[in-house]
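# Descriptive analysis of the structure
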Amino acid sequence: TGVQTCALPILKHLVSQGKSMELGKGSSVQLEKLKMGLRDILHRNQKRLVIMIDDVDKLAPKQLLSLLRLISSIANFKCCTYILAMNQELVSETITRQVGRENPNTGKSLLQKVIQLPLTVPAPDPLAIRRIVLKNLDRILNHTQITLSDLESRRFLKHFDECLIDRKSTRLNSSHLVISYAVFC
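Residues numbered from 1 in each chain as written. Predicted model: local features only at pLDDT ≥ 70, side-chain atom pairs only at ≥ 80, totals over all residues. Heavy atoms only, no water.

### Let's talk about the overall build of the protein
What counts here: Working definition: helices are DSSP H or I runs of at least four residues, strands are E runs of at least two. Numbering for both runs from the N terminus. Exposed residues in this analysis have more than 50% of their type's maximum accessible area, buried residues have under 20%, and partly exposed residues fall in between, with area computed by a 1.4 Å probe over protein chains only. In what follows, residue pairs with any heavy atoms lying within 4.5 Å of each other are defined as contacts. Every accessible area reported is derived by Shrake-Rupley at a probe size of 1.4 Å, with residue values counting cover from the shown protein chains alone.
Counting secondary structure elements, the protein contains 8 helices and 2 strands. When its helices and strands are written in sequence order, the protein yields α-α-β-α-β-α-α-α-α-α. Within the protein, the fraction of its 185 residues that count as buried is 31%. Intrachain contacts of the protein at a sequence separation of at least 6 include 69% that bridge at least 24 residues. With the model as given, the accessible surface of the protein reaches about 13400 Å², and the carbon-plus-sulfur share is 56%.

### Quick notes on the pattern of salt bridges
One side chain can pair with another of opposite charge once the charged atoms of both are near each other. For clarity, the threshold we go by: A pair is scored as a salt bridge if a Lys or Arg side-chain nitrogen falls within 4 Å of a carboxyl oxygen belonging to Asp or Glu.
Counted according to the given criterion, the structure contains 4 salt bridges. Between D57 and K58 there is a salt bridge, with its nearest N and O atoms 4.0 Å apart. Close ionic contact of R130 with D161 constitutes a salt bridge, the shortest N to O distance being 2.7 Å. Of this pair, R130 sits in helix α6 (residues 126-143) while D161 sits in helix α7 (residues 150-165), placing them 31 residues apart in sequence. Connected via shared salt-bridge partners are D55, D57 and K58.

### Observations regarding helix α5 (residues 106-114)
Stated precisely, the cut-off is as follows: As used here, the arc is the angular range of directions from the helix axis to the C-beta atoms.
Here α5 has its buried residues at T106, G107, L111 and V114. Taken down its axis, α5 places every buried residue within 125° of arc, on the same side. Away from its buried face, by an angle of more than 90 degrees, α5 presents the exposed residues K108, Q112 and K113.

### Things to note about the pairing of strand β1 (residues 49-53)
Going by this rule: Pairing between strands is defined by DSSP: at least two bridges between them are needed.
Burial along β1 is one-sided: L49, I51 and I53 are buried, while V50 and M52, pointing the other way, are not. Pairing of β1 with strand β2 (residues 80-84) involves 5 bridges; the strand directions are parallel. Bridge pairing in β2 links L49 to C80.

### Section: unusual backbone geometry
The phi dihedral of D55 falls on the positive side, at around 55°, and the residue is not glycine. By secondary structure assignment, the location of D55 is in the loop between β1 and α3 (61-74). A positive phi angle, near 55°, is found at Q145, a position not held by glycine. Take Q145: it is sitting in the loop between α6 and α7.

### Let's talk about α6
Here is the rule we go by: To estimate the expected span of a helix, subtract one from its residue number and multiply by 1.5 Å.
Compared with an ideal rise of 1.5 Å per residue, which puts 18 residues at 26 Å, α6 spans 25 Å between its outermost C-alpha atoms and is within 8% of the ideal. I129, V133, N136, L137 and L141 are the residues of α6 that are buried. All buried residues of α6 fall inside an arc of 135° around its axis, so they share one side. The exposed residues of α6 that point more than 90 degrees off its buried face are L127, R131, K135, R139, N142 and H143. The first or second residue beyond α6 is Q145, which carries a positive phi of 55°.

### Describing the side chain of T94
What counts is decided by this rule: Throughout this description, a polar contact denotes any pair of N or O atoms lying within 3.5 Å of each other; where both atoms belong to protein, one of them has to be capable of donating a hydrogen while the other can accept it, and for residues adjacent in sequence the pair is counted only when both atoms sit in side chains.
Looking at the secondary structure, you find T94 in helix α4 (residues 88-98). T94 sits in the buried class, given a relative accessible area of 11%. Here L90 takes part through its backbone oxygen, which lies 2.9 Å from a polar atom of the side chain of T94. With residues near it in sequence (within four places) discarded, T94 still touches P61 and L64.

### Describing the confidence of the model for the protein
Defined as follows: Scored between 0 and 100, pLDDT is the confidence that the predictor attaches to each residue.
Residues of the protein with pLDDT of at least 70 account for 71%, and the chain-wide mean is 75. For the stretch residues 18-26, pLDDT sits under 50, and the model shows 11 contacts to residues farther than four places along the chain or on other chains. In the predicted structure, residues 175-185 sits below a pLDDT of 50 and forms 20 contacts with residues beyond four places in sequence or in another chain.

Below, the structure written as structure tokens:
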């Protein structure tokens, strides 16, 4: 649409400027101009913009802080909604290590200011994961006409169940990892 065509270059520029937000006074004036331009485009077209950012917890610490600053102070448009997918505990720890070493709650406090509606996705059920993996593995083996011996099947199930039961293991903590495990094991 017209909004995407006009707003996307400005938004990309805002993001690139977010990397160097602390450079100097001249850049903040240009940034404010870009912000106003994007706000005008969005307002004129009466569109809502939903921006999904996945794997926030995998960002380098400086990138993470830049992203949070960008969202909270530069790209905080009324018609924009940001959906941040992350491990909130990891992000909070990263923020605390970077910004507030003396206060262990710094990361949590900062996230509470930025995130207006936190939604926690429950950990997947180990039995459901087992069912999904075995179903897909069976489908793949049938499709490729590979037959496992009883010994191979028992060994796989033993190791898989040990990994799955180990609550400290984070290897199978999301559905896309479950499918990857089934495909690549």
